[in-house]
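# Descriptive structure summary
For reference, the chains in residue letters:
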Amino acid sequence: MTSDQAPVLWPFISAPSLPPTGALMGIDQLSGGSFYCDPFGWVLRDDVPVTNPNIFQFAKPGTGKSGTTKSFCNRMMPFGYRTLILGDPKDEYEALCRAHGVEPFVVGPGMATRINPLAMGPLAQGWDSLSGEEARRRATIIFGRWLTLVRGLVGSMRIGQDHVPFGPDESDVVRIGLQILTGYAAGDTHIRETTIPELWQLLHNPTPDLLTRSRYDTERQFLDETRLLRNALGQLVTGTLAGLFDAHTNIEIDWRAPIQSLSLSRLDPLGDEAMGIALLCLNSWGRGLREIAEPGDLRIVVRDEVWKQMRLGVAAVMSFDADLRLSRGMAGKGGDIQFANLHKPSDLLSVGDAGSQATMIAKDLLELADIKILGGQKPRVADELESMLGLGPIAQSLISGWAMQGKGRALWSVGDSAYKVQTVLHPIERDLFYTNDAIAAAS
């Protein structure tokens, strides 16, 4: 049999070696050679079975997941890649930022930073000089992104045990409201940026134009049928995240810096749901800023604590799905590598009941990341990975045995090939990436 087939049945036959391009991550324990990671380079090669550059990393806490992520980001910088941390829930990337001369932005109650998830982004530039066709194309992208966000935010709110519904009627009302607020509905040559509180106020005090365009006969009918939608938006505007994502953005990202990070640790006392909503807002804002990327503008977008966003419901899962699909479309002209960190596969399955729409979408997310880093896991979780990825008994044994016996050990699944890799950190990196300061101080 061929060298592609042999590793399936014989554990000591390594997969074909990958080209020595990209970040040198460590040692391939099966071949004894060096292991390199080059997601976009792999996409562009016919001899590597990778069709998108996205990375999912599953690993038990304390097994070196953070060190692998940071070393990859750090080592890709000499190749022209910059890193964007779209929400750092534990301030794990602050030391890496400061090592590169960058001060992270801090988001939280009482802090000065404001992020508007309804920011227009670069697609709004030069709007008054666009052709009608180009203006309509850009408007479709912008309003589509905003609808995805509002659907996720509204859907994250609950009535008892159920999420607030967001169907076609709610979608029409929100889309028309946003078009009115930006001036797009009136055909303005320059569209105005709006905010979530402005949308909420418009829905509370509907104008005749809004009633007519959304086909409601009376204001009372409109208010009665949009009550859940308005209440859900009201919770976002006046609730625990008030003052964080409901005003115009007041920070300027330096895209030429090697790394940028938005710290969310100050939100931790507000709970997992608040953190998930914050991540959802930042994801939409970040996607808007990357909708027009110049050729050669290569970015690694790190998403930590993904499970907190996934548990907000099906709409939040759809928003994350949109991010991954955007990266795939940018391959070949520069673009983004989405690097998502999760603890275990059930993080994806926790979004809904078995067989639900949310669960099916979450499972499909795995197909949008052709590179999977499978770190140490307990046997039960290794069984979950096997059932979702079809790893086989040898791979299961490596994940629950060898990978649990040392930090930075993982099975790298690159397309259909698997590699037994030990990430190797430089002593400076070990000090820089250390994440147990709080535990060490307590002991």
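Before reading further, recall that the structure is shown in the block above.
Thresholds applied
Residues numbered from 1 in each chain as written. Predicted model: local features only at pLDDT ≥ 70, side-chain atom pairs only at ≥ 80, totals over all residues. Heavy atoms only, no water. 1 Å grid on protein atoms, 1.4 Å probe; cavity = no way out; pocket = protein on both sides within 12 Å on 5 of 7 lines; lining within 4 Å. Points joined across faces, edges and corners; volume = space filled by probe spheres on them. Helix = DSSP H or I, 4+ residues; strand = E, 2+ residues; numbered from the N terminus. Nonpolar A, V, L, I, M, F, W, Y, C, P; charged D, E, K, R; others polar. Salt bridge = Lys/Arg side-chain N within 4 Å of Asp/Glu carboxyl O. Buried < 20%, exposed > 50% of the residue type's maximum accessible area, 1.4 Å probe, protein only. Contact = heavy atoms within 4.5 Å.

### Let's talk about empty space enclosed by the protein
- For the coordinates displayed, the defined rule picks out 4 cavities of 30 Å³ or more.
- The space that makes up the largest cavity amounts to roughly 80 Å³.
- Around the largest cavity, the lining residues are Leu-153, Ile-196, Leu-236, Val-237, Leu-241, Phe-245, Asp-246, Ile-277 and Cys-281.
- Elements with a contribution of two residues or more to the lining of the largest cavity: helix H10 (227–238) and helix H11 (272–289).
- In terms of residue class, the lining of the largest cavity is built from 8 nonpolar, no polar and 1 charged.

### Some remarks on the pattern of salt bridges
- If you walk through the whole model with that rule in mind, you get 17 salt bridges.
- The closest approach of N and O atoms between Arg-75 and Glu-429, which form a salt bridge, is 2.6 Å. One end of the pair, Arg-75, is in helix H3 (residues 65–76); the other, Glu-429, is in helix H18 (residues 427–432), and 354 residues separate them in sequence. The pair Arg-75 / Glu-429 is uniform in exposure class, with both members buried.
- Among the salt bridges present, the one from Arg-299 reaches Asp-297, with a minimum N-O distance of 2.9 Å.
- Here the residues in one salt-bridge network are Asp-91, Glu-94, Arg-98, Glu-103 and Arg-266, joined through shared partners.

### Points about the environment of Gly-415
- Considering the arrangement of structural elements, one finds Gly-415 in the loop between strand E12 (409–414) and strand E13 (417–423).
- Other than its neighbours up to four places away in sequence, Gly-415 contacts Pro-49, Val-50 and Asp-370.

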